[in-house]
Amino acid sequence: MFEQCVRNVYEKTPLIHCITNYVTVNDVANTLLACGGSPIMADDEEDAVEITSICHGLVINIGTLNQRTIPAMFSTGKRANELSHPVILDPVGAGASKLRTDVTFKLLEEVKFSVIRGNISEIKTVSQGTGTTKGVDADAGDAVTENNLDETITWAKQLSQKTGAVIVITGAIDIVTDANKAYVIRNGHSMMAKVSGTGCMLTAIIAAYCAANPDHHLEAAAAAVSLFGLAGELAYDKLVKNDAGPSSYRTYLIDAISKIDAATLKGGMKIETR
Amino acid sequence: MFEQCVRNVYEKTPLIHCITNYVTVNDVANTLLACGGSPIMADDEEDAVEITSICHGLVINIGTLNQRTIPAMFSTGKRANELSHPVILDPVGAGASKLRTDVTFKLLEEVKFSVIRGNISEIKTVSQGTGTTKGVDADAGDAVTENNLDETITWAKQLSQKTGAVIVITGAIDIVTDANKAYVIRNGHSMMAKVSGTGCMLTAIIAAYCAANPDHHLEAAAAAVSLFGLAGELAYDKLVKNDAGPSSYRTYLIDAISKIDAATLKGGMKIETR
Amino acid sequence: MFEQCVRNVYEKTPLIHCITNYVTVNDVANTLLACGGSPIMADDEEDAVEITSICHGLVINIGTLNQRTIPAMFSTGKRANELSHPVILDPVGAGASKLRTDVTFKLLEEVKFSVIRGNISEIKTVSQGTGTTKGVDADAGDAVTENNLDETITWAKQLSQKTGAVIVITGAIDIVTDANKAYVIRNGHSMMAKVSGTGCMLTAIIAAYCAANPDHHLEAAAAAVSLFGLAGELAYDKLVKNDAGPSSYRTYLIDAISKIDAATLKGGMKIETR
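Conventions used here
- Residues numbered from 1 in each chain as written.
- Chains lettered and ligands numbered in written order.
- Predicted model: local features only at pLDDT ≥ 70, side-chain atom pairs only at ≥ 80, totals over all residues.
- Contact = placed C-beta atoms within 7 Å.
- Helix = DSSP H or I, 4+ residues; strand = E, 2+ residues; numbered from the N terminus.
- Nonpolar A, V, L, I, M, F, W, Y, C, P; charged D, E, K, R; others polar.
- Core = buried A, V, L, I, M, F, W, Y, C linked by C-beta atoms within 7 Å.
- Buried ≥ 20, exposed ≤ 12 C-beta atoms within 10 Å, placed from the backbone.
- Pairing = 2+ DSSP bridges.
- Axes fitted to C-alpha atoms, helices over the stretch in contact; angles between N-to-C directions.
- Expected span 1.5 Å × (residues − 1).
- Arc of directions from axis to C-beta.
- Least-squares fit on C-alpha atoms with pLDDT ≥ 70 in both.

Participant: For this particular structure, what's the right way to read the interface of chain A and chain C?
Facilitator: Frequently, the measure chosen for interface size is the accessible area that the parts lose on association. Contacts between chain A and chain C engage 28 residues on the former and 27 residues on the latter. Broken down by secondary-structure element, the contributors of at least two residues to the side of chain A that touches chain C are helix H2 (25-35), helix H5 (98-110) and helix H10 (246-259) of chain A. Of the residues forming the side of chain A that touches chain C, the biggest block, four residues, is contributed by H10(A). Residues of the side of chain A that touches chain C, tallied by class, amount to nine nonpolar, 12 polar and seven charged.

Participant: Sorry if this is basic, but what is going on with the nonpolar core here?
Facilitator: Side chains that are nonpolar tend, in soluble globular proteins, to be buried together. Ranked by size, the top nonpolar core spans 309 residues in total, and within it A:Tyr209, A:Ala221, B:Tyr209, B:Ala221, C:Tyr209 and C:Ala221 carry the most contacts. In contact with B:Tyr209, other than residues within four places in its own chain, are B:Cys5, B:Val9, B:Ala220, B:Ala221, B:Ala223 and B:Ala224.

Participant: Explain the sheet that holds strand S5 (residues 115-119) of chain A here, please?
Facilitator: Adjacent strands of a sheet form backbone hydrogen bonds with each other and so pair up, either parallel or antiparallel. All names here are of chain A. Pairing within the open sheet is mixed, and its nine strands lie in the order S2-S1-S3-S4-S5-S6-S7-S8-S9. Edge positions in the sheet fall to strand S2 (38-41) and strand S9 (271-273), since each of these pairs with one other strand and no more. Put simply, the sheet's adjacent strands are angled 20 degrees from each other on average, direction ignored. Against the sheet, helix H4 (residues 69-82) engages strand S1 (15-19), strand S3 (57-61) and strand S4 (87-90), with an angle of about 150 degrees to S3. Packing of helix H6 (residues 120-128) onto the sheet brings it into contact with S5 and strand S6 (166-170), and relative to S5 it is tilted by some 125 degrees.

Participant: Teacher, can you tell me more about the interface of chain B and chain A here?
Facilitator: The partner chain A presents 27 residues to the 28 residues of chain B that form the contact. Elements with a minimum of two residues in the side of chain B that touches chain A: helix H2 (25-35), helix H5 (98-110) and helix H10 (246-259) of chain B. If one sorts the elements of the side of chain B that touches chain A by residue count, H10(B) sits on top with four residues. For the side of chain B that touches chain A, the per-class residue count stands at nine nonpolar, 12 polar and seven charged.

Participant: Help me understand helix H7 (residues 149-163) of chain A in this model?
Facilitator: Think of an α-helix as 3.6 residues a turn; residues three or four steps apart then line up on the same face. Residue and element names in this part refer to chain A. Spanning 15 residues, H7 covers 21 Å between terminal C-alpha atoms, matching the ideal 21 Å at 1.5 Å per step. Burial in H7 covers these residues: Thr 152, Ile 153, Ala 156, Leu 159 and Ser 160. Taken around the axis of H7, the buried residues stretch over an arc of 120 degrees, which confines them to a single face. Seen from the open side of H7, the exposed residues pointing more than 90 degrees away from its buried face are Asp 150 and Glu 151. Where H7 is buried, its residues contact H6, S6, strand S7 (174-177) and strand S8 (182-185).

Participant: Whenever I open this one, the relation of the copies chain B and chain A confuses me. Can you help?
Facilitator: Note that the two copies of the chain are related through a rotation about an axis and a translation along the same axis. When chain B is fitted to chain A, the best match, at an RMSD of 0.0 Å, comes from turning it 120 degrees and sliding it 0.0 Å along the axis. The transformation relating the two chain copies, once decomposed into turn and shift, fits a three-fold axis. Among all residues of chain B, the one whose C-alpha sits closest to the rotation axis is B:Tyr22, at a distance of 3.7 Å.

Participant: How should the relation of the copies chain A and chain C be read in this particular structure?
Facilitator: Of the transformation placing chain A onto chain C, the axial shift is 0.0 Å and the rotation is 120 degrees, giving an RMSD of 0.0 Å. A share of only 14% of the interface residues of chain A reappears at the interface of chain C, consistent with the copies meeting through non-equivalent patches.

Spelled out as structure tokens, the structure:
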């Protein structure tokens, strides 16, 4: 299944419309190209609603939301729903400000999401209505550990039940779950936290994977999460070899994404079901 | 002539004002520095009209156009016209949405462009009023091939006649033409399509070349197109040598641009006249 | 003192809120991570005022200011002042347009800045009300040289006295001064001028250093300036070794920032007091 997910992306070259933040947008675009998809960005409301109709999936990332782009997120999300395109939410910084939290909840009311991906603090905010988000990174006190893993999966499954979306919580341990079945993924490397926007990049990859695998969003999201983590591992090997730093690592990461095919993913996945 | 174009850029360090999209803007800035020019970005209408007056050329790239920046494109374009600065249009995604197509046509009515650069689908939209643009990449069915090359050049010359602009169509085969004379350029590498924003970067280089070579826009644009393609070839050699991927390739591409002088360009150009 | 400044940044991981331009924002984010801080960007007025309250310092960079973000700069600056967070001003292009100059002066009236960092043309504009800024780079005629160094320090000290801010003038020779004491720093490399946004990156590092060293803004700023210059020197060594160009150099620069600890800085500082 996971291997087929990879092959489908390369075969279909899904075109992903991103309404995303201007901090990491270039990395998001290049990551989509690297994973076998294709990016298009449009955030003017009039433009975005029309652009999304020629695409295969939509990312809504609230990282630098503003009064001009917020209405575009709603209109475009609804249009993508009408077209049955997968819509992926990245609630960057939900819990860190009232505007971000409010927009996240309003989006959840008015747009149907296929996947919601965030760090644990952001997803806790989505789940509980209040968060301990301290910025765009997860609060250390929230971290998913072996000790709280089962408990976290339990409420994440409930959140999936409630929202109808696959829930993806990323961190040292990644969780990808729907209402019934959770994948726990242990790919990745701590160095990824030293690159701005790794969460945004992964969200875009998930969108490409869901667009190319419309009947298997859970497995598509799990494949994307594992692939991205594996790319982080391969990039770390190169970092060590070259005695390089975080900016080189970003480059190696995107390079590595482009080199992972179905067989490489199968060989490198660290995944279990719960 | 082409060699003199290169030397003039390095001698004059043209300052290029870019109203461009936020996806690839950083690569555009660094590409301008790499080719011997200098960038400045300003898209607030009040600011942009004044900033353009201290520059030597203007890029209008509609990649992430919005209601705030569209008026700035018109006012600044007209101001640059008054100052006789070369103005270069990059109609990103023209044909993919009504807003992009409409703004492109209105710009063509109200601003005089020295060069219009796009992929074949975008330029077909500019030429025919209707396009088959499927996003920000050219539609495969539109591709310029050896079979339709002469026919494409014929209508591109007519488009140049009609608009008064040098027309640049980029793809596997590049065409740079005015109403009378066309250059066909076969530099470049398919890997360039795996980097977001290569079109935007090239448009900015063309602006620097036209600004530094005010009496020879056709040759200046041809030199810029060939130089960029040659940089893509040199970067590919480095990619192979280092077993690298698309993100490294982007870095090698900008590095290579900075290393091409007049003699290197002369030695590497693959250009013919039609 | 300087070594302690470095250690404090790594110990406290200051979260820096940046209202900054969209050209170099990604490099700013990754530079903050590389130096031991953490970035968050928010420029919607409602969002920004709240986000700044969870941060430890604020950067206001006017590089692509617009009618939407200008009010956010004022409200957020005032809020950061109430919270006693250090606020750092980067008056990009002040003197190049009336809007940039006017906003700079109005910010100086309404917000208290801990540090103002710019190139010599920008800081001359701040000091004299009129500038010779020719874009976002310093005018060659303004350059700080050994001949005008003492004179420049004299008026920079006066500007610090008048504004209450540490004044940082960067170029071939860097000056970091308050009303009484000036540091002259000769770290750095001319290659840094071939990378877009080195000024913006440095401003963000200064913010992280001031946030982590609240009682020693002068020394914190001097440590940041010297560290960034030293990173530029180390990156240049790598450029030569790899026969690379400006895009690789940008990567090496951010890599190098991440590798400079207190001892490396102490060993590499080229600093004197005047």
